[in-house]
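Listed below, chain by chain, are the residues.
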Amino acid sequence: MLRQNLFGMSIHALKMGQAIDHLRRCVRETPYDCRYVVTPNVDHTVLLQTHRGLRDAYSQADLVLADGHPLVWVSRILGRPLPERVAGSDLVPSLFQAIPANEKLRIFLLGAAPGVAERAAQNIARQWPHIQTVGVDSPPLGFERNPAENARIIDKIGHAKPDVLIVGLGAPKQECWIHQHRSQILAKTALCVGATIDFLAGEKTRAPRWMQRVGLEWFYRMCSEPKRLMRRYAKDAWIFPQLVWRQWREQRMSANHPSR
């Protein structure tokens, strides 16, 4: 699969349908060795520059998919084009939709506030009856630093043996946790997809389709949760253009002075 090297990440140049085909092959053919998928956006890109654990998690991910129109736009400006945005919040329902009704898909929902994953499971059962939720868990704050709590969660997943572990713990916690414990997790694949469980439960709402198409979903989310997101987006708006400028300059220098 073609990859594009951008901002310290090796991003797969895949469309949504190609990513879904890959995941379906993993579910059919892969043993329970927990390959995992990460979906970088601008915020993840900024975090990755200074977060060693996130860089390590990205370096060993099975798929790295661009979840953010700015990444796609900039990739084309830099001459390393990505075909389209593959958002984590679209990836999960698209996977469910791609599974034929005569097949079963076993999933485990890890993350979100207490009770939210249960509501998500109910909505999934109504919309996709052939998708079987075999477990849910809402870990307490700080669980990742508690060995006993980590063991409990890993054991619970192990008893359920899902095809797909859907992880909604937020970045960089979800990526780092999966990377750290992947050898112990009995799931065929894990999807690190942020607020997707909240969306499936109806706890949070996606931006209107027209805002998603023109790259304004970030603005809708910021208006929905200004206290939590405004500072983050302000920081990203300051740092991300600097990263773009730095990569463009490095590419120009490399082109003008190729190694011999």
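Every value quoted in this text rests on a predicted model; they were computed, and no experiment measured them.

Analysis parameters
- Residues numbered from 1 in each chain as written.
- Predicted model: local features only at pLDDT ≥ 70, side-chain atom pairs only at ≥ 80, totals over all residues.
- Heavy atoms only, no water.
- Helix = DSSP H or I, 4+ residues; strand = E, 2+ residues; numbered from the N terminus.
- Buried < 20%, exposed > 50% of the residue type's maximum accessible area, 1.4 Å probe, protein only.
- Contact = heavy atoms within 4.5 Å.
- Core = buried A, V, L, I, M, F, W, Y, C linked by side-chain atoms within 4.5 Å.
- Pairing = 2+ DSSP bridges.
- Axes fitted to C-alpha atoms, helices over the stretch in contact; angles between N-to-C directions.
- Polar contact = N/O pair within 3.5 Å; in protein donor to acceptor, adjacent residues only side chain to side chain.
- Phe/Tyr/Trp six-rings, centres within 6.5 Å; stacked < 30°, edge-to-face > 60°.
- Lys NZ or Arg CZ within 6 Å of the ring centre and 35° of its normal.

As for the environment of Glu 175
Topologically, Glu 175 is positioned in helix 8 (residues 173-181). Looking at Glu 175, the relative accessible area reads 0%, which means it is buried. Taking the C-alpha atoms as reference, Glu 175 lies 7.0 Å from Val 38; in sequence the two are 137 residues apart. The contacts of Glu 175, once residues within four sequence positions are left out, are Val 38, His 44, Leu 54, Ala 57, Tyr 58, Gly 170 and Cys 192.

Notes on the nonpolar core
Core analysis: the largest hydrophobic core is formed by 41 residues, its most contacted members being Phe 7, Leu 110, Leu 165, Trp 177, Ile 178 and Phe 240. Ranked by the residues each element gives to this core, the list is headed by helix 7 (residues 147-160), at 4 residues. Beyond its immediate sequence surroundings of up to four residues, Ile 178 is in contact with Tyr 36, Leu 165, Val 167, Ile 185, Ala 190 and Cys 192. Ranked by size, the runner-up nonpolar core spans 34 residues in total, among them Val 37, Ile 99, Val 136 and Val 164.

Focus on the sheet that holds strand 8 (residues 189-192)
Strands sit in the order 4-3-8-7-5-6 across an open sheet of 6 strands; the sheet is parallel. If you trace the sheet from one side to the other, it starts and ends with strand 4 (63-64) and strand 6 (131-137), each paired once. Bridge count between strand 3 (residues 35-38) and strand 8: 3 bridges; the pairing is parallel. Counterpart to Val 37 in the pairing with strand 8 is Leu 191. On the sheet, helix 6 (residues 116-127) packs against strand 5 (105-111) and strand 6 and is oriented at approximately 155 degrees with respect to strand 5.

Observations concerning the side chain of Gln 4
In this structure, Gln 4 sits in strand 1 (residues 3-6). In terms of polar contacts, Gln 4 uses its side chain to reach the backbone carbonyl oxygen of Pro 81, at 3.2 Å. Gln 4 has contacts with Met 9, Ser 10, Ile 11, Ala 13, Arg 80, Pro 81 and Leu 82, leaving out every residue within four places of it along the chain.

Some remarks on unusual backbone geometry
The omega torsion of the bond from Ala 171 to Pro 172 falls at 5 degrees, within 30 degrees of zero and hence cis. Positive phi, normally seen in glycine, also occurs at Cys 34, with a value near 50 degrees. Its place among the elements puts Cys 34 in the loop between helix 1 (16-29) and strand 3. One non-glycine residue with positive phi stands out, namely Lys 161, at about 45 degrees. Position of Lys 161 relative to the elements: it lies in the loop between helix 7 and strand 7 (164-168).

What to know about the packing of aromatic side chains
Following the criterion strictly, the structure yields 4 aromatic pairs and no others. Arranged with centres 5.2 Å apart and planes meeting at 25 degrees, the rings of Trp 245 and Trp 248 form a pair that is stacked. Highlighted residues: Trp 245 and Trp 248, both in helix 12 (residues 226-256), separated by 3 residues, approximately one helical turn. Trp 245 sits in the partly exposed class, given a relative accessible area of 49%. Geometry around Tyr 32 places Lys 161 over its ring, the cationic atom sitting 4.7 Å from the centre. The cationic tip of Lys 188 hangs over the ring face of Tyr 32; the distance from NZ or CZ to the ring centre is 5.5 Å.

In short, shape yes, function no, at least from these values alone.
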